[in-house]
Amino acid sequence: MRKAFKYRLYPTQPQRRDLDKTLMLCRQLYNAALQERRDAYKKAGRTVGFYEQKKWLPEIRAELPEYKHIHSQVLQNVIERVDLAFKGFFRRVKAGQKAGYPRFKGKGRYDSFTFPQAGTTGVKLQDGGRRVLLYGIGSVKVKLHRPLEGKIKTATVKREGEHWYIIFITEVDPKPLPPSEEAIGIDLGTNPHFLVTSEGEMVEAPRHFQKAEEKLAKAQRELSRKKKGKSGRKKARLKVAKLHRKIANQRRDFHHKVARKLVNRYGTIVHEDLNILALSRSYVAKGIHDAGWAQFLQILAYKAEEAGRRVIKVDPKYTSQDCPVCGHREKKPLWVRAYTCPQCGTLLHRDVAAAQNILAKAWTGPSGETLRAFPQGNTPRSPGL
């Protein structure tokens, strides 16, 4: 399996200028490749492909000396990004979705470049992992806050605000945890609980964005008052970006910790197969974006895969309406958190009952045997799961 390792870079001022220049040249090449494809189709009805554009790169490097300082594979990756943008466009058109034609990248809208074969060329760790040699940039100080595992496949240098990072994609062997026959159902929420389990455990929602909203609004007001092109506007923009980056980092750290606890304990984790994109456009969008459900489920899935655990998605229909004891179905308003089932008289917490229903939906047959009854790795799968 492949795994990402992200580390902070500490370039000198000359190296910062070289990094910024590399991004600028990559952005110009991206826009030129996009323009060529548009013009070819508009004027001649001809499609220009990836390989046709890639073969012109040696000529570009020969005629424009500034491109000689950029690794040839980095330039090839720029052309590949244009190709992927068009493939995504045509895929959406075919699927009848909102197409979104590929757009030109403005200044500050192109923030990374990639070495596709970093394990063999373009990137090299030095000085026991304290520095990294980047083609065209030089030896840059790096902080490996955790060991780099596996065989390096690609490396992406990325600018985030005023900071620089390098992201290594490596090929690693899975590290399975000791088998666990325990299964858990989880119900995701926004406020007051981020997650409630079928065993009744409740994880409070940290609401990082909500807590920083006042400070962020103040910084954005200051930015709106600054005149374009002035140095004060740049400082204000960096301040806003820094606040957003801190919120994103806090949210990601929280997701990693919650996912790790679940994966370490349970052999099977069941959650709803939610249409998060649709929900993020509804009246609860703000809370869902703050909770970051999509990122959490992605982190949970890859941690489970690495540990040899199982994550199962189930249909979310009626999970918050059914009684997990007798099956009585009753629609309740969102403000009702605890209720008594009118049919069997059981006192239930809405979210705990939903989590129990989610786990029950992963049952494998009419016998009523749950995943908990099967050894890890031998659970029969129903056709819909």
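Details of the structure are given in the entry above.
Please read these numbers as outputs of a predicted model, since none were measured by experiment. In every chain, residue numbers begin from 1 and rise along the written sequence. This being a predicted model, a pLDDT of at least 70 is required before a residue's local features are given, and a value of 80 or more before pairs of side-chain atoms are given or counted; all residues contribute to the totals for chains, interfaces and linings. With hydrogens and water stripped out, all remaining heavy atoms of the structure feed into the side-chain values.

**Structural notes on the overall build of the protein**
Working step 1: The secondary structure content of the protein amounts to 10 helices and 14 strands.
Working step 2: Expressed along its principal axes, the backbone C-alpha trace of the protein runs to roughly 80 × 50 × 50 Å.
Working step 3: Buried means the residue's accessible area, taken with a 1.4 Å probe over protein chains only, is under 20% of the maximum for its type, while exposed means over 50%, and partly exposed covers the values in between. Here the protein holds 385 residues, and the buried ones make up 39% of them.
Working step 4: Charge counting follows a simple rule: Lys and Arg are positive, Asp and Glu are negative, and His as well as the terminal groups are ignored. Charge placement uses NZ in Lys and CZ in Arg. For Asp and Glu, CG and CD serve respectively. For the protein, the centre of its 77 positive side-chain charges and the centre of its 37 negative side-chain charges are spaced 8 Å apart. What counts as a helix is a DSSP run of H or I of at least four residues, what counts as a strand is a run of E of at least two, and both are numbered from the N terminus.

**Focus: the pairing of strand β7 (residues 163–171)**
Working step 1: Counting buried positions along β7 gives seven out of nine residues, so the element sits mostly inside the fold.
Working step 2: For strand β1 (residues 2–10) and β7, the ladder comprises eight bridges, and the chain directions are antiparallel. Residue K6 lies in a different strand from β7, and its bridge partner there is I167.
Working step 3: Looking at chain direction, strand β6 (residues 151–160) and β7 are connected through nine bridges and run antiparallel. Strands qualify as paired when DSSP identifies two bridges or more between them.

**Focus: the nonpolar core**
Working step 1: Grouped together as the largest cluster of nonpolar side chains are 36 residues, with contacts concentrated most on V123, V132, L134, V157 and I166.
Working step 2: For this core, the elements supplying multiple residues, two or more each, are β1, α1 (13–44), α4 (72–94), β2 (112–115), β4 (131–134), β5 (138–143), β6 and β7.
Working step 3: We call two residues in contact when some of their heavy atoms are within 4.5 Å. When residues no more than four places from it in sequence are discounted, the contact partners of V157 are L9, L19, D111, S112, F113, F115, L134, W164, Y165 and I166.
Working step 4: Grouped together as the second largest cluster of nonpolar side chains are 24 residues, L195, V263, I288 and L297 included. As used here, the term nonpolar core means buried Ala, Val, Leu, Ile, Met, Phe, Trp, Tyr and Cys residues forming a set that is joined through side-chain atoms within 4.5 Å.

**Structural notes on the packing of α1 against α4**
A pair of packed helices can be characterised by two numbers: the angle between their axes and the separation between those axes.
Working step 1: Here, axes are lines fitted to C-alpha atoms. For helices the fit covers the stretch in contact, and angles between N-to-C directions go from 0 to 180 degrees. Look at α1 against α4: their axes get within 9 Å of each other, and the N-to-C directions meet at 45 degrees. When the axes of α1 and α4 are compared, the pair comes out oblique. Handedness of the α1/α4 crossing: right-handed. Between α1 and α4, the contacting residues are C26, L29, Y30, A33, L34 and R37 on the first element and V74, L75, V78, I79, R81, V82, D83, A85 and F86 on the second.
Working step 2: Charged means Asp, Glu, Lys or Arg here, nonpolar means Ala, Val, Leu, Ile, Met, Phe, Trp, Tyr, Cys or Pro, and polar covers whatever is left, Gly included. Residues that form the contact of α1 with α4 fall into these classes: 12 nonpolar, no polar and three charged. What sets the label is the angle itself: under 35 degrees gives roughly parallel, over 145 gives roughly antiparallel, 65 to 115 gives roughly perpendicular, and the rest give oblique. Definitions for this section: a left-handed crossing has its near helix turned counterclockwise from the far helix by less than a right angle. A right-handed crossing has that turn clockwise.

**Observations concerning the packing of helix α6 (residues 231–265) against helix α9 (residues 293–307)**
Working step 1: Running from N to C, α6 and α9 point in directions that differ by 40 degrees, and their axes come no closer than 9 Å. As summarised for this structure, α6 and α9 are arranged oblique, according to the angle between their axes. Between α6 and α9 lies a crossing of right-handed hand. Across the interface between the two elements, R251, R252, H255, H256, V258, A259, R260, L262 and V263 from α6 touch Q295, F296, I299, L300, Y302, K303, A304 and A307 from α9.

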